[in-house]
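Secondary and tertiary structure notes
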Amino acid sequence: MSQGNSAADSGLPFTLQDLKNAIPDQCFQPSPWRSIAYFLRDVGLVVALYVAAYTLDAWWFYPIFWLLQGTLFWALFVVGHDCGHGSFSKLGWLNNLVGHLSHTPILVPYHGWRISHRTHHANTGNIDTDESWYPLSETQYRTLPAAQKFVRFYAALLAYPLYLFLRSPGRKGSHFLPNSPLFRPSERRGVVISTLCCAAMVALLLGLTVQFGVGFIVKFYVMPYLVFVVWLDLVTLLHHTTPELPWYRGEDWNFLKGAISTIDHDYGVFNDIHHNIGTHVAHHIFLGIPHYHLKTATEAIKPVLGSYYRKSSDSIWTSFWRAFWECRYVPDQGSQVYYQPDPQNRA
C-alpha cells in the first residue's frame with residue numbers, strides 16, 4: 001500500500017513527510033496521565049448525571065438527562081477510539097484496559113471494533129475496500145433491497161448496532177464473532193474477550209430489568225444509549241459524506257489521497273465534550289495524535305494542505321441535510337468520483 005511518501009507517488013503537491021514535518025513533535029506524544037484525566041472526567045460526569053436523575057426522578061429532567069448522558073456515552077466511545085489507535089498512551093495494556101472500560105458499558109466490542117476501524121483508516125476513500133460509510137455505485141443503489149435502503153438512508157442515525165452485527169451492505173462478518181472475515185487468526189482471542197465483556201454487560205442490564213422493571217432500564221439506559229447511537233452515526237457519517245469529497249477506485253487511490261478525503265466540522269459547545277472528534281482531517285493523516293493535540297496539528301498542516309484542507313462552514317444539521325439529499329450514490333465508472341443525488345427523490 002502506497003503511503004504517499006513522494007509527491008509523484010501520491011499525485012499531490014505535498015508528501016506525508018511534508019505534513020509530519022509541519023507538526024510540532026509534542027503533538028505525537030500522548031500523555032497517559034492527561035488521557036486518564038479526560039477519561040475520569042467523563043466517568044465522573046456520567047456518575048453525577050445518574051445520581052441527579054435518580055434523586056430528582058422528575059419527568060421534566062429525564063429528556064435533559066437522556067441528551068446529556070447519551071452525549072457523555074459518545075464521549076466515552078471517543079476515549080475508547082483513542083485507545084484503539086494507541087493515541088491514548090503508548091502502553092498497550094493501558095489502552096486495552098481503558099478501551100474496554102470505555103466501550104463495554106455502551107455495548108461496543110472493543111477489539112472487534114478496533115480492528116474493523118483499523119481497516120477503515122487503512123482504506124479511507126477507497127470505494128472498494130473502505131469499511132464504513134463508503135458510497136454505493138448507482139447500480140448498487142438502484143438494486144439495493146428496500147430494507148437495506150431504508151436503514152442506510154432513512155434510519156441512518158440508528159444504524160450502528162446493526163453495523164456491529166452485520167457490517168455494511170456488500171461486507172460480510174460480525175464484530176462479535178471471532179471467526180468473522182474481519183479478523184486474523186491471531187486476533188480472535190481479543191475478539192472473544194471483548195464479546196464476553198459485552199455479554200456480561202447485557203447480563204447486568206437484564207438483571208437490572210428483572211430487579212427494577214422495564215421502565216427503569218428504559219429511563220436510565222435505553223434512552224441515553226439511543227442518543228449515543230445517534231451521535232455516533234451522525235458524526236461518522238458527516239466525516240466522509242459530502243458532495244465535495246472525492247472517492248477513488250483502483251490505482252488512482254493511495255493512502256494520502258484517502259486520508260485527506262474527509263472534512264472537519266464544528267460542533268460548537270460539544271467540541272470539547274466529545275474530545276474534538278470533529279477535527280478529523282489531521283486524525284486521518286496521523287491517527288496516533290492524541291485528541292488534545294488535534295487542533296494544534298490541524299493549524300500546523302493547513303498551510304501545507306492549502307485547498308486540500310476541507311472544513312464545513314455549514315451547520316451540522318445543514319450538513320446532514322445535504323448528506324441525505326445530495327449523497328445517494330457515485331457513478332458506476334470512473335477512478336475519481338463524487339456523490340450524486342437521486343433525481344427521483346426530487347420528483
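Now for a description of the structure that goes with this document. (Residues numbered from 1 in each chain as written. Predicted model: local features only at pLDDT ≥ 70, side-chain atom pairs only at ≥ 80, totals over all residues. Heavy atoms only, no water.)

Looking only at helices and strands, one finds 17 helices and two strands in the chain. The C-alpha radius of gyration of the chain comes to 20 Å, within 12% of the 20 Å expected for a compact globule of 347 residues. Taking the principal axes of the C-alpha coordinates as reference, the chain spans close to 65 × 50 × 45 Å. Looking at the chain residue by residue over its 347 residues, the buried ones come to 53%. Within the chain, counting contacts between residues at least 6 apart in sequence, those at least 24 apart form 69% of the total. (Helix = DSSP H or I, 4+ residues; strand = E, 2+ residues; numbered from the N terminus. Rg over C-alpha atoms; globule rule 2.2 N^0.38 Å. Buried < 20%, exposed > 50% of the residue type's maximum accessible area, 1.4 Å probe, protein only. Contact = heavy atoms within 4.5 Å.)

To continue, consider unusual backbone geometry. For Arg-167, which is not glycine, the phi torsion reads 60° and is therefore positive. Relative to the helices and strands, Arg-167 resides in the loop between helix 9 (160-166) and helix 10 (188-212). Although it is not a glycine, His-275 sits at a positive phi angle of roughly 60°. Mapped onto the elements of the fold, His-275 is located in the loop between helix 13 (270-273) and helix 14 (281-285).

Turning to a nonpolar patch on the surface, a few remarks are in order. A contiguous nonpolar patch, built from Leu-56, Trp-59, Trp-60, Ile-64 and Leu-68 and spanning about 580 Å² of accessible area, is present on the exposed surface. Positionally, Ile-64 belongs in helix 4 (residues 61-85). (Patch = residues over 30% accessible without salt bridge, like charges linked within 9 Å, V, L, I, M, F, W, Y side chains within 5 Å. Areas by Shrake-Rupley, 256 points an atom, 1.4 Å probe, with all protein chains shown as cover. Salt bridge = Lys/Arg side-chain N within 4 Å of Asp/Glu carboxyl O.)

On to the environment of Gly-112, then. By secondary structure assignment, the location of Gly-112 is in helix 6 (residues 110-122). Taking C-alpha positions, Gly-112 is 8.2 Å from Leu-182, a pair spaced 70 residues apart along the chain.

Take the pattern of salt bridges next. This structure, assessed with the given rule, holds 13 salt bridges. Linking Arg-41 and Asp-272 is a salt bridge whose minimum nitrogen-to-oxygen distance equals 3.1 Å. Taken as a pair, Arg-41 in helix 3 (residues 32-56) and Asp-272 in helix 13 lie far apart in primary sequence, 231 residues in all. Owing to a relative accessible area of 42%, Asp-272 belongs among the partly exposed residues under this scheme.

Position of Gly-125 relative to the elements: it lies in the loop between helix 6 and helix 7 (138-143). Overall, Gly-125 belongs to the buried group, its relative accessible area being 0%. Residues Gly-125 and His-81, 44 residues apart in the sequence, show an inter-C-alpha distance of 20 Å.

What follows concerns the nonpolar core. Among the nonpolar cores identified, the biggest contains 51 residues, and Trp-74, Phe-77, Tyr-160, Tyr-221 and Phe-228 are the most heavily contacted of them. Here the element with the most residues in this core is helix 11 (residues 214-240); it accounts for 12 residues. For Tyr-221, the contacting residues outside a window of four places in its chain are Tyr-50, Phe-73, Pro-105, Ile-106, Leu-107, Met-201 and Leu-205. Phe-255, Ala-259, Ala-282 and Leu-305 belong to the second-largest nonpolar core, a separate cluster that totals 22 residues. (Core = buried A, V, L, I, M, F, W, Y, C linked by side-chain atoms within 4.5 Å.)

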